Amino acid sequence: MSTLLTIDDLAVSYRARGQRHTAVDGVSLELQRGEVLALVGESGSGKTTIGHAIIGLLAAGGRLERGSIGLRLAGGGLDLAKLPARALQELRGARIALVPQDPGTSLNPVRTIGASVAAPLRIHRWGTKEAIRRRVVDLLERVGLDDPERRARQYPHELSGGMRQRALIAAAVALEPALIIADEPTSALDVTVQRRILDLLDDLRTELGSSVLLITHDLAVAAERADSIAVLRGGRLEEAGETRAVLRDPSRDYTAALLADAPALTDAAPRQARPAVEPFVTVEGLVHEYGKGADAFRAVDDVGLGIARGTTHALVGESGSGKTTIGRALAGFHTPAAGSIRIGELDVLAERGSRRLRHAVQLVSQNPYASLDPRRSIGQTVGEPLLNLPLAHGGVRDRRVLAERVATALEQVALPAEVAGRLPRELSGGQRQRVAIARALIIEPQAVVLDEAVSALDVTVQSQILDLLERLQRELGLTYLFITHDLAVVRRIADTVTVLRGGRAVETGTAQQVLSSPQHEYTRALLHAVPSPDWLRDARRSRRSPHGQLEVA
Amino acid sequence: MSASAAVLLPRSTERPAARRRPALTLVLAIAVLAVALAWAIAPWLFTSQDPLAGEALNALQPPSGAHPFGTDATGRDLLARVIFGAANSLSGAAIAVLVGLVVGTAIGVLAGSTGGVAEEALMRIVDVLLAIPGLLLALSVIVLLGFGVTNAAIAVGVTSIAVFARLARSQVLRVRRSDYVEAAFGSGGSFLRVLWRHVLPNSLGAVLALAALQFGSAILQISTLGFLGYGAPPPTPEWGLLIAESRDYVGSAAWLTTLPGLVVAAVVLSANRVASAVRKATA
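Procedures and definitions
- Residues numbered from 1 in each chain as written.
- Chains lettered and ligands numbered in written order.
- Predicted model: local features only at pLDDT ≥ 70, side-chain atom pairs only at ≥ 80, totals over all residues.
- Heavy atoms only, no water.
- UniProt positions renumbered as here; feature names shortened; annotations may be inferred.
- Helix = DSSP H or I, 4+ residues; strand = E, 2+ residues; numbered from the N terminus.
- Polar contact = N/O pair within 3.5 Å; in protein donor to acceptor, adjacent residues only side chain to side chain.
- Contact = heavy atoms within 4.5 Å.
- Core = buried A, V, L, I, M, F, W, Y, C linked by side-chain atoms within 4.5 Å.
- Buried < 20%, exposed > 50% of the residue type's maximum accessible area, 1.4 Å probe, protein only.
- Axes fitted to C-alpha atoms, helices over the stretch in contact; angles between N-to-C directions.
- Left-handed = near helix turned anticlockwise from the far one by under 90°.
- Nonpolar A, V, L, I, M, F, W, Y, C, P; charged D, E, K, R; others polar.
- Phe/Tyr/Trp six-rings, centres within 6.5 Å; stacked < 30°, edge-to-face > 60°.
- Lys NZ or Arg CZ within 6 Å of the ring centre and 35° of its normal.
- Pairing = 2+ DSSP bridges.
- Expected span 1.5 Å × (residues − 1).
- Arc of directions from axis to C-beta.

Naming follows an unreviewed UniProt entry, where chain B appears as Peptide/nickel transport system permease protein of Agrococcus baldri. As recorded by UniProt, the Subcellular location (unreviewed entry) comment attached to chain B reads in full: "Cell membrane". The UniProt entry for chain B carries this comment under Sequence similarities (unreviewed entry): "Belongs to the binding-protein-dependent transport system permease family."

As named in an unreviewed UniProt entry, chain A is Peptide/nickel transport system ATP-binding protein, taken from Agrococcus baldri.

Residue and element names in this part refer to chain A. As for its placement among the helices and strands, Ser45 is situated in the loop between strand 3 (36-40) and helix 1 (47-55). Among the polar contacts listed, one links the side chain of Ser45 to the backbone oxygen of Glu42, at a separation of 2.8 Å. Excluding its chain neighbours within four sequence positions, the residues that come into contact with Ser45 are Ala23, Leu232, Arg233, Gly234 and Gly235.

Within this numbering scheme, the UniProt entry marks residues 86-275 of chain B as carrying the feature "domain: ABC transmembrane type-1" (unreviewed entry). End C-alpha atoms of residues 86-275 of chain B are separated by 20 Å, and the span's content is 84% helix alongside 0% strand.

What follows concerns the nonpolar core. Soluble globular proteins tend to bury their nonpolar side chains together. Counting 56 residues, the largest nonpolar core has Val117(A), Leu140(A), Ile169(A), Leu219(A), Ile229(A) and Leu247(A) as the members making the most contacts within it. Beyond its immediate chain neighbours, meaning those up to four positions away, Leu247(A) contacts Leu219(A), Ala223(A), Ile229(A), Thr255(A), Leu259(A), Trp535(A) and Leu536(A). Ranked by size, the runner-up nonpolar core spans 54 residues in total, among them Val82(B), Leu90(B), Ala152(B) and Leu259(B).

Right, let's talk about the packing of helix 3 (residues 78-114) of chain B against helix 4 (residues 116-131) of chain B for a bit. Residues and elements named next belong to chain B. Two elements in contact, helix 3 and helix 4, have axes whose closest approach is 7 Å; the angle formed by their N-to-C orientations is 145°. At the point where helix 3 passes helix 4, the crossing takes the left-handed sense. Here helix 3 contributes Ile107, Leu110, Ala111 and Thr114 to the contact with helix 4, which in turn contributes Gly116, Ala118, Glu119, Leu122, Met123 and Val126. Each residue belonging to the contact of helix 3 with helix 4 can be placed in one class, and the counts come to seven nonpolar, two polar and one charged.

What follows covers the packing of aromatic side chains. Residues and elements named next belong to chain A. According to the stated counting rule, one finds one aromatic pair over all chains in the structure shown. Cation over ring: Arg309 sits above Phe280, and NZ or CZ is 4.1 Å from the ring centre. The ring of Phe333 has Arg358 sitting right over it, with the charged end atom 5.7 Å from the ring centre.

On to the sheet that holds strand 9 (residues 228-233) of chain A. Residues and elements named next belong to chain A. An order of 6-7-8-3-9-10 is seen for the six strands of this open sheet, with the pairing classed as mixed. The open sheet has two free edges, formed respectively by strand 6 (96-99) and strand 10 (236-242), since each of these has just one partner strand. On average, each strand axis in the sheet is tilted by 15° relative to the strand beside it, whichever way the strands run. Sheet topology places strand 7 (residues 179-183) next to strand 8 (residues 211-216); five bridges connect them, and they run parallel. Residue pairing across strands places Ile180 opposite Val212, the latter belonging to strand 8.

A few words now on the UniProt feature "transmembrane region" (unreviewed entry) in chain B. All names here are of chain B. Mapped onto this numbering, the UniProt entry gives "transmembrane region" (unreviewed entry) at residues 23-46, 93-113, 125-146, 152-168, 207-232 and 252-271. For the annotated span residues 125-146, helix accounts for 86% and strand for 0% of the residues, and the straight-line distance between the end C-alpha atoms is 24 Å. Secondary structure across residues 152-168 divides into 100% helix and 0% strand, with the first and last C-alpha atoms of the span separated by 24 Å.

Before going further, it helps to examine helix 4 of chain B. Residues and elements named next belong to chain B. Between its first and last C-alpha, helix 4 extends 23 Å over 16 residues, near the 22 Å set by a 1.5 Å rise per residue. Residues of helix 4 that are buried include every one of Glu119, Leu122, Met123 and Val126, and no others. Burial along helix 4 is one-sided: seen end-on, the buried residues are contained in an arc of 95°. Along helix 4, the residues that are exposed and aim more than 90 degrees away from the buried face are Val117, Ile125, Val128 and Ala131. Tucked inside the fold, the buried residues of helix 4 contact helix 3 and helix 6 (149-176).

The following block contains the structure:
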């Protein structure tokens, strides 16, 4: 076993608004030949920056402050930090390859898949045109794309996300690089696809003898796939070492907290089933189609569900399963082709757009970075629903009363009152999502549709928001429809579950039934795909985190 | 923050460190525009010469200490005429931009926010405006309105309506699809309220940048109309007219066309530089 990559005392800074901020501060790492090193940490921890520093592609304004990045190849050692741009260009694609995060935007939309995969081969003058063409087809076949000849001629929009990520991996391994930097390679993909992509990366690594630097926010993925692990926080190295040793017995509190918050690893029992009562929210025979005539695509096909008052119902499924369409129909944002939706006594479809519907149901959307108007202060955003309502229906016009109500709403979501004067960009993702929740709750709705409301957040923040939602449910008697692709989150928060696939409900039941003894094969596949190594669960169970995140209220 | 910035634009590491201060070119551009504006407001402060009366004895003098820009065929000081012309040219450009900005943005916002038949109808009208060459359209409008500085400016403004309308519509469409506009509707906002509170403030940045850009090209277009004789009647000092009147002397007295031409070029370039700064600041 020999060392391929040695990072010593690396520091990187970025310039933003005229000031330099340190993004990576004195990080030292080692990656052995043929092994996987996982860089884990929350957003802003500097893990992506380290990846970009190695390959010499720091964003504009980025600068290597100090340190060395040693790469030991067959011909001798190099310090990538001191290498001139030309020489680095020679290495890129040939010796070091990058698998980017988002397959949706990482392929040039006007070039064929074949041309994109051939790019590194052409740039490094690998062979004749014909040889390259054959190699591309081989590569596409190797990464598991069916009918590679045809795939090579297709354009990115004709492929699914998972297929695009396979094509990107094909391009990355085209020249059999010694080091593959995989920057969140599966974060934008569904769990079942994620598992297959990670398997593929593993296979290729063994086959080519390459090393992989796996950048991920998902501790479970790192635990399952990496030989060694480095935990980063705020640009500094918290701890590093052999994966099992680090995760079985973390020496730093931060690692322990990450471990405790990782929902995929939760082994707590799902919520206890409550006695069946008259459902408060009922959806019956819901059908929705996009497009018209022969092109019509049936996004939701005869789905029904019932949610008891004060409980949480989770809609689970992969992208394209129709879960968001159902949630939006329930929140009154569009009218389905057929079916009925009732919240208590209210007929949602008849009341579409009315004030009464706004009091009955509110929507919290996935991306807290997009759901707040960047030009309006937090106070204005949270108070806006009250300004929209007529006085007779609980609207508020008086400035002082409005400010008080906003302060109360912010307090409810555990934000300090002075946040009201700030702009969204001054807040973190978790704080923004709290603001979005406060805006939904200020008009005191009875039901809330949470559309992937914690998916864009870091695990510790995710855990805090889930705690907050549970507390609000207890205090205010709220009924949640929780839309998610993450079964671990379901285990944490749901009373009842509907599993969706291709617009149809394949399984419905209490969280306990569905998660412990899944009846449908698709549910089992979903459960199986969640990365959650047994050794880690066992280790966690025996240790009992001091953070108390294991017990679900 | 840094991690997300790092994902945006992977570019090779360093750029020169001289970006903290406002760029020198921007300072220069603002200075040029300020001088031009001062000329327009108080031309008499900058020259003691009369822009309209000249002495035939002094005709066609090359640039000198007494006449920095030289004199024209009737002995009038060219610098004085350029300085006094600023008012006509700049106010014309301002009117032109205002017409395009107000009418174009109104059409664009209306089309982008209502959708359906109204959008189709409005945007087809815009297409028709775009299909006619700008100069021809401007000339047609002038023929309808009559000659004159203001009318020429309005004509130039009409030619830019289509560009403003299309940009405003695209911006409104972008903002309308955003999550926060949906959230605003979800919290019970009415159409007009959401339009006023969220859509307009977030879509006007690019439109204002275009207005600054259009200011430069309006000066050029008004000069063109002046050159063709559709703008201000002689002997009114106006930049386009100055160049037009001097075209007989290009061979013998090149300064008569070159120097006013350079002034126009400097002001147009400055307006463009400021426009790009506005665009960056609002992006």
